Amino acid sequence: MWTRVSPTSARLAGAVCLAALCACQRGNPPTPPAPPPPAVTVAQARPARVPVTLELPGRVNPVRVAQVRARVDGVVLKREFREGGDVQAGQRLFKIDPAPYVTDLQSAQATLGRAQANVAAQDAQAARFGKLVGSDAVSRQEFDNALASQGQAVADVASGRASVRSARINLGYTGVVAPITGRAGISAVTEGAYVQGNSATLMTTIQQIDPIYVDLTQSSVQGLRLRQDLASGKVHSAGPNRARVTVLLEDGTRYPMPGTVQFSDVNVDPGTASVTIRTLVPNPRHLLLPGMFVRGQLEAGVLEDALLVPQAGVAHDAQGQATALVVGRDGKVLQKTIQAPRTYGGDWVVTGGLDAGERVIVSGLQKARPGAPVRIAGDTGAAPGPASTTASR
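Residues numbered from 1 in each chain as written. Predicted model: local features only at pLDDT ≥ 70, side-chain atom pairs only at ≥ 80, totals over all residues. Heavy atoms only, no water.

(A) Inspection of helix α3 (residues 140-173) at higher detail. Taking 1.5 Å of rise per residue, the 34 residues of α3 would be expected to cover 50 Å, and the 50 Å separating its terminal C-alpha atoms lies within 8% of that figure. Taken together, the buried positions of α3 are occupied by Phe-143, Ala-146, Ala-153, Val-157, Gly-160, Val-164 and Ala-167. Where α3 is buried, its residues meet α2 (99-132). (Helix = DSSP H or I, 4+ residues; strand = E, 2+ residues; numbered from the N terminus. Expected span 1.5 Å × (residues − 1). Buried < 20%, exposed > 50% of the residue type's maximum accessible area, 1.4 Å probe, protein only. Contact = heavy atoms within 4.5 Å.)

In C-alpha cells form, the structure reads like this:
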C-alpha cells in the first residue's frame, strides 16, 4: 500500500539528508597531496690547475737616482736642460764660470814648463860633474849635490804635471754633466747662483724610470707558508725565471705590461714583520712614477689538486668558516665545512672538505635545508679557468 507524501515533506527530508552528509564529510577531511621538493640549481666541483697568486701592496722606486752636485766653487752662468725632460749621460746641464779655473790651468802649465827647463839644466850639470869628479876637478860632495838637484828637478816635473791634470779636472767640472740617462727633476739653482764644491751644492736630481722598480711588501708569515707549501709539494713552482707580476694602479686599473721578480730580500723588517720583493717593470710611457703606491699580483706557483666552486655556492658562518650545501646521492641536502682560502676569477678555490664531482647548490639556497630532499632543476659543471659556468637561476 503506497502512502502519498506531500512535496513539503519531501523537501524537508532531502535537506536533513544533505546536512547529515556534510556533517560526515567535516568529520573525516581528505588528506591533501604532499608539496614537491624545492627546486635548486647545482654545479659540480671540478678539479683544475690554479695559479697561486699573491696580491701585495707595493711602492714604485726608480732604478737609478743621481743627485747632481757642484764639485767646484763658482757662479752658475747657464742652465742647459729642460726641467722634467729626459737627459742623456754626459749631457751638460749647467755651466759654471770657468775663468778662475782657466787661470789656474795656465799657471800650472807655466810651473810645469819651468820644472821641465830646470830638469834639462840639472841633467847637464850632473853630466859635467860626473866627468870632472874622476880627475878631482870637483869634489865628491859637489857631484852628489848635482845628482840630488837633478832628482829634485825630476820630481818638480812630476808635481807640475799633476797640477796641470788637477787644473784640467777642475776646469772640466765647470761644465756640470748628467752622470746617468734619465728624467731630470726641478733645478735647485738658477743662473747667477753661487755654488760650492766643498759643501757639494745640490743642483738637480736625475732618475731613471724606464724600466722601473716596484717593491712589493710581503708578510713573513705569508712567505713562510708559501715556502712550506712548495717544500711539501702542495704547490708547484712555476719554474725558474717564470715569476710574473701584474701591477694594479692606484685607481684599480691594470697596468698593461707585466714585470718580473728580481729578488726577495733576506731581511725581515722588525717593525712591520715583512720582507721586500723587488720587481722590474717596463715603463716606456712613464705611467709609473717614483713614490706611487700600487698593488702587485705575483704568480708564486701552481696549485695542482684544487677544486673550483662558484662563489654563489660558498657561504661563511659567524666564525668565518666557509660552508657549502651539497646534494647527496639520496637527493637530500648536506652541509659541509670546506677550506676555501682564495678566489680565482668567479670561483672559490677549495683545498679541502669537498670531493671532485660533488654537486654544490648555487641557486635556491634559501629553500634548501640540511637533511631535506630537493629537486635539481639544472646540473652543470664548473668549467676550469678564471670563471665557472653555472645554470641560470
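(B) Broad picture of the packing of aromatic side chains. Counting across every chain of the model gives 1 aromatic pair. Arranged with centres 5.4 Å apart and planes meeting at 75 degrees, the rings of Phe-81 and Phe-94 form a pair that is edge-to-face. Taken together, the positions of Phe-81 in the loop between β3 (74-79) and β4 (86-87) and Phe-94 in strand β5 (residues 92-96) put the pair 13 residues apart, joining distant regions of the chain. On the basis of relative accessible area, Phe-94 is assigned to the buried category, the value being 0%. One Lys or Arg, Arg-79, reaches over the ring of Phe-81 and ends 5.6 Å from the middle of that ring. A cation over a ring is seen here: Arg-278 above Tyr-213, with NZ or CZ 4.0 Å from the ring centre. (Phe/Tyr/Trp six-rings, centres within 6.5 Å; stacked < 30°, edge-to-face > 60°. Lys NZ or Arg CZ within 6 Å of the ring centre and 35° of its normal.)

(C) Fine view of unusual backbone geometry. For the bond running from Asp-210 to Pro-211, omega is -5 degrees, close enough to zero to count as cis. Tracing the backbone shows Pro-211 in strand β9 (residues 202-219). Notably, Ala-273 is not glycine yet its phi reads approximately 55 degrees, a positive angle. Within the secondary structure layout, Ala-273 lies in the loop between β12 (259-264) and β13 (274-281). When its relative accessible area of 38% is taken as the criterion, Ala-273 is described as partly exposed.

(D) Up close: the sheet that holds β5. Pairing within the open sheet is antiparallel, and its 4 strands lie in the order β6-β5-β3-β8. A strand with exactly one partner marks an edge of an open sheet, and here the two such strands are β6 (175-177) and β8 (194-195). Pairing of β5 with β6, which is carried by 3 bridges, proceeds in the antiparallel orientation. Counterpart to Phe-94 in the pairing with β6 is Val-176. (Pairing = 2+ DSSP bridges.)

(E) Expanded view of the pattern of salt bridges. Enumeration according to the criterion identifies 6 salt bridges in this entry. A salt bridge links Arg-295 to Glu-55, with the shortest nitrogen-to-oxygen separation between them at 3.0 Å. You can see Arg-295 sitting in strand β14 (residues 293-310) and its partner Glu-55 sitting in strand β2 (residues 46-69), a full 240 residues away along the chain. Two residues, Glu-80 and Arg-92, come together in a salt bridge whose shortest N-O distance is 2.9 Å. Taken as a pair, Glu-80 in the loop between β3 and β4 and Arg-92 in strand β5 lie far apart in primary sequence, 12 residues in all. Residue Glu-80 is classed as partly exposed on the basis of its relative accessible area of 26%. (Salt bridge = Lys/Arg side-chain N within 4 Å of Asp/Glu carboxyl O.)

(F) Representation of the environment of Tyr-213. Checked against the element boundaries, Tyr-213 lands in strand β9. Linking Tyr-213 and Asn-283, residues 70 residues apart in sequence, is a C-alpha distance of 9.5 Å. Beyond its immediate chain neighbours, meaning those up to four positions away, Tyr-213 contacts Arg-59, Val-60, Asn-61, Pro-62, Val-63, Arg-278, Thr-279 and Leu-280.

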